[in-house]
Each structure stands twice: as C-alpha cells, then as structure tokens.
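# Notes for the structure review
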Amino acid sequence: MQYIAAAIAVLGASIGAAYGNGQVISKTIESMTRQPEMSGQLRGTMFVGVALIEAVPILGVVIALILVFM
C-alpha cells in the first residue's frame, strides 16, 4: 500500500504542476500579445511563477520517498 500511495502522490503532483504550468504560460503569452511593450516584465514574472509551480512535484517526490521508506 505504501508504494501505491507514493505513486498517487507523485502522479497528483505532476499532473497539477503540468496543468499549472500550461495555464501560466498560456496566460503570459496571451498578455504579451495584448501588451507587447510589457513582454520583458511578463516573461520574468512567468519564470518566477513556473519555478514556484515546479516546487510542487519536488514536494510530491519527497512525500513519496517518506511514504516508501517509513
């Protein structure tokens, strides 16, 4: 059961991060097309958002490792 719980933790985290990254990037591209003069600032903000979203699957892997080895 520990292995199944670990797999579900990683699966949920990775699906959530993929969806979140897709939303952030699509909205940033949409904003860049509406206001091209702000593309540099939007791009920087997007990178910060993507980095924060990518922390979620890392936490999922940590939780999975805790579940497997405890």
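Residues numbered from 1 in each chain as written. Predicted model: local features only at pLDDT ≥ 70, side-chain atom pairs only at ≥ 80, totals over all residues. Heavy atoms only, no water.

## Section: the overall build of the protein
Looking only at helices and strands, one finds two helices and zero strands in the protein. Here the protein has a C-alpha radius of gyration of 16 Å; the compact-globule value for 70 residues is 11 Å, and the former is much larger. Expressed along its principal axes, the backbone C-alpha trace of the protein runs to roughly 50 × 15 × 5 Å. The buried share of the protein, taken over its 70 residues, is 20%. (Helix = DSSP H or I, 4+ residues; strand = E, 2+ residues; numbered from the N terminus. Rg over C-alpha atoms; globule rule 2.2 N^0.38 Å. Buried < 20%, exposed > 50% of the residue type's maximum accessible area, 1.4 Å probe, protein only.)

## Thoughts on the UniProt feature "transmembrane region" (unreviewed entry) in the protein
The residues that UniProt annotates with the feature "transmembrane region" (unreviewed entry) are residues 46-69. Secondary structure across residues 46-69 divides into 100% helix and 0% strand, with the first and last C-alpha atoms of the span separated by 36 Å. (UniProt positions renumbered as here; feature names shortened; annotations may be inferred.)

## Digging into helix 2 (residues 39-69)
Helix length check: helix 2, at 31 residues, gives a terminal C-alpha distance of 45 Å against a target of 45 Å (1.5 Å per residue), a fit within 8%. Residues Met46, Gly49, Val50, Ile53, Pro57, Gly60 and Ala64 constitute the buried set of helix 2. Structurally, helix 2 contributes buried residues whose contacts are with helix 1 (2-34). (Expected span 1.5 Å × (residues − 1). Contact = heavy atoms within 4.5 Å.)

## Observations concerning a nonpolar patch on the surface
Side chains of Val10, Val61, Leu65 and Phe69 sit close together on the surface and give an oily, nonpolar patch of about 370 Å² of accessible area. The greatest single-element share of the nonpolar patch, amounting to three residues, is contributed by helix 2. Inspection of the secondary structure assignment puts Phe69 in helix 2. (Patch = residues over 30% accessible without salt bridge, like charges linked within 9 Å, V, L, I, M, F, W, Y side chains within 5 Å. Areas by Shrake-Rupley, 256 points an atom, 1.4 Å probe, with all protein chains shown as cover. Salt bridge = Lys/Arg side-chain N within 4 Å of Asp/Glu carboxyl O.)

## Things to note about helix 1
Here helix 1 spans 48 Å end to end across 33 residues, near enough to the 48 Å set by a 1.5 Å rise per residue. Along helix 1, the residues classified as buried are Ala6, Ala13, Ala17, Gly20, Asn21, Thr28 and Met32.

## Structural notes on the pattern of salt bridges
For side chains bearing opposite charge, pairing can occur when the charged atoms are close. Per the counting criterion, the structure on display carries two salt bridges. When the shortest N-O distance is used, the salt bridge between Glu30 and Lys27 registers 4.0 Å. Placement of both Glu30 and Lys27 in helix 1 is noted, with a separation of three residues, approximately one turn of the helix. Accessibility expressed as a relative area gives 34% for Glu30, which makes it partly exposed. A salt bridge links Arg34 to Glu30; its shortest N-O distance comes to 3.3 Å.

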